[in-house]
Every structure is written in structure tokens, then in C-alpha cells.
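Observations on the model geometry
Spelled out from the first residue to the last, the chains are:
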Amino acid sequence: MITRQFGSEVRWMLRRPRTIIGLFGLVLVPIIISFGIWTAGDDESGGGGPGLAAIIQGNGLVVPIFTLFLSLNLLLPLVASIWAADGLAGEAQHGTLRGLLVAPVSRVRLLFVKLFGLTAMSLFAVTLMAVVGIIAGTAFLGSDGMMTLSGTTLGTGEGLLRIALFIVLVTFQMVSIGAVALAVSATTEHPLVVQAATMTTIIVFQVLSQFPSLDWLHPFLITTGFPGLIDVMRDPIPLGQIWDSTLLAGCYLLIGTGLAAMRLITKDN
């Protein structure tokens, strides 16, 4: 029964035109980045820069990590908020949520079905971006293993494992943001409100993280954990910042899911 609900939720999300458009837009990002770096290859100013930008030229396996890292700041949270908005607020707007609430099914189960759909789609989107990034990066920039930020070169197999780890980490961050968006989605019938609230929060968090006087607040902002994920590109991998970022995202996931559950349980039919 529950597996059929999970499958039905994912199929419903995949059939939505905005999902197809969103996935198509995400796929274009690594292609554009790879093409842009390739065309700038002969420009002396095109191969430098801090962090990943300094090693990406001629290092195609870095493209998926570079793309996901950039997208995590705005694009992926936007996509997560759209799917979360459709999950509850969209259902309420179309009048289908009422039928789901009066059905002889636990409302908590309904929430976890929505959360599963969000998780499945997030994993699919992140993996799709990474796979396209690998193909585009290798085609445009070439690859002979993966150069790390530590100056070492990993074999192709280990490089792919690093990419897989980064996919899991980014997906978890995306789902945590989506869980908070689900909590907002449970309180309104307007999907645009959910998207606006989620993206405003992400932007405000990023702005607040730039003020040194608010350093006491930074450990509680989910966006401050994003830069630490890039440690997967060091050799060996330092786990401190990765663990802190994942733990913070887990707290947001629990809080968002809990608030959404409380709202659904008390929501009128």
C-alpha cells in the first residue's frame, strides 16, 4: 500500500510540466558551464580564480561538483521549494488536498509520502545534473583523473566516488530546505507564497552570514554550512565541516517535518 503511494507520488510529480521544465533547466547548467570554460580556455584570465575555479580547466570531473556547489546557493533551493509548494499548497489550491485529508489514511503518512516524493525528485535532479556534468565536463575539458584542492590527482574511479558522495550531501541539504518549505506549504493554499518565503529565507540567511558582528548567529543558518561541503575535494577528506553542515541540515529537516506534521494533524478537512 505505502509503496504504491510512494510510486504514485513520484509519477504525479514527474508528469507536471513545471517539473519537466525545471529538470531541463538544471541539465543546461553544467553544459553551459563546461562550454563557457572551454571557450575561455585560451584566455589567460580564464584559468584562474579561487577554489574549484582554479583547478577546473582541463579537469572535467570537477564540473559536476562545481555545478552543484554553485547551484546549491539558489537554484536547487528554488527547485525544492517548487516541489514542496506543489505537494501541499498546490493540492489545496486545486481542491484535492481535502479529499486526501478525509481519506482513511494517517495524515502523518500523507506527509511522509510528500516528503518521499520531494526526496526522490531531489536525488533524481542532483544525480541528473552530476551525470550531465560528467559527460559535458569530460567532452569539453577532458579528464585524466580528478585533481583535488590539495594538489593531488585521484583516479577516475575514486573521483566518481567523490562525486557520488557530493550528490548525497547536496541532496540532503536540498531535502532539508524542502522540509521547511513543506511546513510553509501546509499553512497556505498559494504555492507562490511557499516559494517566495523559502527563497527570501535563503537570501536573508546568505546576507546575514556576511556580517562578522552576527557570527554568533552563523552556526544556526543552514546556508553557512554550504561552503564546508567542498571539503570532498580535498585529499584526504576532512570530515569536520561536512559533519557540521550535515548535522545542521538534519536539524532543519526534523524541525520542518515536525512543524508540517503538527499543522496537518490540526488542519480542518
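Preceding this paragraph is the structure being described.
None of these values were measured; they are calculated from a predicted model. (Residues numbered from 1 in each chain as written. Predicted model: local features only at pLDDT ≥ 70, side-chain atom pairs only at ≥ 80, totals over all residues. Heavy atoms only, no water.)

When two helices pack together, their arrangement is given by the angle between their axes and by how far apart the axes lie. Following both chains from N to C, one finds helix α6 (residues 107-141) and helix α9 (residues 240-266) inclined at 135 degrees, their axes separated by 9 Å at the closest point. As judged from the angle between their axes, α6 and α9 are oblique. Both α6 and α9 take part in a crossing whose hand is right-handed. Facing α6, whose interface residues are Arg 107, Val 108, Leu 111, Phe 112 and Leu 115, α9 presents Leu 253, Thr 257, Ala 260, Ala 261, Leu 264, Ile 265 and Thr 266. Split by residue class, the contact of α6 with α9 holds 9 nonpolar, 2 polar and 1 charged. (Axes fitted to C-alpha atoms, helices over the stretch in contact; angles between N-to-C directions. Helix = DSSP H or I, 4+ residues; strand = E, 2+ residues; numbered from the N terminus. Parallel < 35°, antiparallel > 145°, perpendicular 65-115°, else oblique. Left-handed = near helix turned anticlockwise from the far one by under 90°. Contact = heavy atoms within 4.5 Å. Nonpolar A, V, L, I, M, F, W, Y, C, P; charged D, E, K, R; others polar.)

Before going further, it helps to spend a moment on the packing of aromatic side chains. Considering all chains together, one arrives at 5 aromatic pairs under this definition. For the ring pair Phe 35 and Trp 38, a centre distance of 5.8 Å and an interplane angle of 45 degrees mean the geometry is tilted. Of this pair, Phe 35 and Trp 38 both sit in helix α2 (residues 17-39), 3 residues apart, which is roughly one turn of the helix. You can call Phe 35 partly exposed: its relative accessible area is 43%. Residue Trp 38 is classed as partly exposed on the basis of its relative accessible area, which comes to 47%. Consider the rings of Phe 205 and Tyr 252, whose centres lie 6.5 Å apart with planes at 70 degrees: the pair is edge-to-face. On the criterion of sequence distance, the pair formed by Phe 205 in helix α8 (residues 191-208) and Tyr 252 in helix α9 is long-range, its members being 47 residues apart. The rings of Phe 35, Trp 38 and Phe 140 are connected pair by pair, giving a single aromatic cluster. It is Lys 114 that lies over the ring of Trp 12; its NZ or CZ is 5.0 Å from the centre. (Phe/Tyr/Trp six-rings, centres within 6.5 Å; stacked < 30°, edge-to-face > 60°. Buried < 20%, exposed > 50% of the residue type's maximum accessible area, 1.4 Å probe, protein only. Lys NZ or Arg CZ within 6 Å of the ring centre and 35° of its normal.)

Quick look at the pattern of salt bridges now. According to the stated counting rule, one finds 5 salt bridges in the structure shown. The partner of Asp 86 in a salt bridge is Arg 16, with the nearest N and O atoms 3.3 Å apart. Of this pair, Asp 86 sits in helix α4 (residues 75-93) while Arg 16 sits in the loop between α1 (2-15) and α2, and the two are 70 residues apart along the sequence. What makes Asp 86 buried here is its relative accessible area of 3%. Here Glu 158 and Arg 162 are joined by a salt bridge, their closest N and O atoms 3.7 Å apart. Within this pair, Glu 158 and its partner Arg 162 are both found in helix α7 (residues 156-185), separated by 4 residues, close to a single helical turn. Relative accessible area serves as the criterion here: at 7%, Arg 162 is assigned to the buried category. When salt bridges that share partners are traced, they join Arg 16, Arg 18 and Asp 86 into one network. (Salt bridge = Lys/Arg side-chain N within 4 Å of Asp/Glu carboxyl O.)

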